[in-house]
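# Survey of secondary and tertiary structure
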Amino acid sequence: MAPTLRPLSVGELLDRTFTFYRRRFVLFVGIAAIPSAVALAFQVGRLYGAFSASVATTVVLGLVSLIVSVVAGTFVHGATVVAVSQLQLEQDTNIAEAFAAIRPLVGELFVIGLNVGVRVMLGLLLLIVPGVILALSYSVAVPVAILEGTTVSESLTRSSDLTRGGRGRIFVIYCLFFVLTMVGGAFWPVITGAIAAARSVPLNYAHLPMWAQLVSQFGAFVTQSLIGPITTIALTLVYYDQRVRKEAFDLQHMMDELDASPQSA
């Protein structure tokens, strides 16, 4: 039987987010780390290629690396949504099942991410505020696409409708993620500076040496793997919470599917 769903305050949303994250740490970090490790390998290859390749080759390597990073992020986002959904409905899951569930949807999720990214970027160019509003409006488009099977345009429209009235809480979640990312990211320049000091090597941050760039890339990988899942967990819970507030989650999932059809008769 699915749990009794009720509207959650911001504090309760964050508490449930960190409870899920803490209890299933290996699951969420594993989902984030596996695709990100592939992207990291391409990033490292790009760094080595940039030192010996021509300008054209460097540009191509950069584009390939960017595409791989975006696709990896799409896998991570989608698989995390699936995992959170299973846990929210008190069903077990694992890394392989989460990735298998979103594999047929990767193309659609990629288009949604690209669509949202372009709209938010254009909005940010228009005095920033419109971009922030669009980012909040489309924050649950991926959970909508995965859990409701909607098209790209339907997912964006549905996300805008669902988040109406809850965007202040979503803004708080994004602010928290920003702070955590800044704290996590600030650790790696300190490590780089300490290594440079130990080696008595002057460090020019405008033109970092190879080893320093590798430390930076590895640091970004670790930070993203550890902190990235938190936002997706929170936004997936926001999706469910907004459905409870607006739709009573389809009347408690049709009264837990009529109490599992009298225990499957």
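Look up: the structure comes first, before these words.
Here the structure is a predicted model, which means the values were calculated and not measured.

Scoring rules and cut-offs
- Residues numbered from 1 in each chain as written.
- Predicted model: local features only at pLDDT ≥ 70, side-chain atom pairs only at ≥ 80, totals over all residues.
- Heavy atoms only, no water.
- Helix = DSSP H or I, 4+ residues; strand = E, 2+ residues; numbered from the N terminus.
- Buried < 20%, exposed > 50% of the residue type's maximum accessible area, 1.4 Å probe, protein only.
- Contact = heavy atoms within 4.5 Å.
- Areas by Shrake-Rupley, 256 points an atom, 1.4 Å probe, with all protein chains shown as cover.
- Phe/Tyr/Trp six-rings, centres within 6.5 Å; stacked < 30°, edge-to-face > 60°.
- Core = buried A, V, L, I, M, F, W, Y, C linked by side-chain atoms within 4.5 Å.

### As for the overall build of the chain
- On a plain count of helices and strands, the chain comes out with 10 helices and 0 strands.
- Listing every helix and strand of the chain by position from the N terminus yields α-α-α-α-α-α-α-α-α-α.
- Scored against the burial criterion, the 265 residues of the chain give a buried share of 42%.
- Across the chain, the fraction of contacts at a sequence separation of at least 24, relative to all contacts at a separation of at least 6, is 76%.
- When the accessible surface of the chain is split by element, carbon and sulfur atoms take 70% of a total near 13,900 Å².

### Section: the packing of aromatic side chains
- One pass over the full model with this rule turns up 6 aromatic pairs.
- Pairing tyrosine 21 with phenylalanine 25 gives two aromatic rings, centres 5.5 Å apart and planes at 80 degrees, and the pair type is edge-to-face.
- Both rings, one in tryptophan 188 and one in phenylalanine 218, keep their centres 6.0 Å apart while their planes meet at 85 degrees; by these two values the pair is edge-to-face. Residue tryptophan 188 is found in helix 9 (residues 167–198), and its partner phenylalanine 218 is found in helix 10 (residues 210–264); the two are separated by 30 residues along the sequence.
- Exposure remark for tryptophan 188: the relative accessible area of 17% places this residue in the buried category.

### Points about the environment of phenylalanine 177
- Within the secondary structure layout, phenylalanine 177 lies in helix 9.
- According to the relative accessible area criterion, phenylalanine 177 is partly exposed, its value standing at 24%.
- Along the primary structure phenylalanine 177 and alanine 234 are separated by 57 residues, whereas in three dimensions their C-alpha atoms are 9.9 Å apart.
- Leave out the neighbours within four places in its chain, and phenylalanine 177 touches Ile227, Gly228 and Thr231.

### Let's talk about the nonpolar core
- Grouped together as the largest cluster of nonpolar side chains are 45 residues, with contacts concentrated most on Phe20, Phe28, Ile31, Ile112, Ile146, Leu156 and Ile233.
- Counting residues per element, this core draws most heavily on helix 10, at 8 residues.
- In this structure, isoleucine 112 is in contact with Ala141, Val142, Ala145, Val152, Ser155 and Leu156, ignoring residues within four places of it in sequence.
- Ranked by size, the runner-up nonpolar core spans 6 residues in total, among them Ala196, Leu203, Trp211 and Val215.

### Notes on unusual backbone geometry
- Backbone geometry places glutamate 90, a non-glycine residue, at a positive phi of 55 degrees.
- Mapped onto the fold, glutamate 90 is located in the loop between helix 3 (55–88) and helix 4 (95–102).
- For glutamate 90, a relative accessible area of 57% gives the class exposed.

### A word on the environment of proline 229
- Here proline 229 lies in helix 10.
- By relative accessible area, which is 1% here, proline 229 ends up buried.
- A sequence separation of 148 residues divides proline 229 from valine 81, and the C-alpha atoms of the two residues are 9.3 Å apart.
- Setting aside its immediate chain neighbours within four residues, proline 229 contacts Tyr21, Phe28, Ala32, Thr80 and Gln224.

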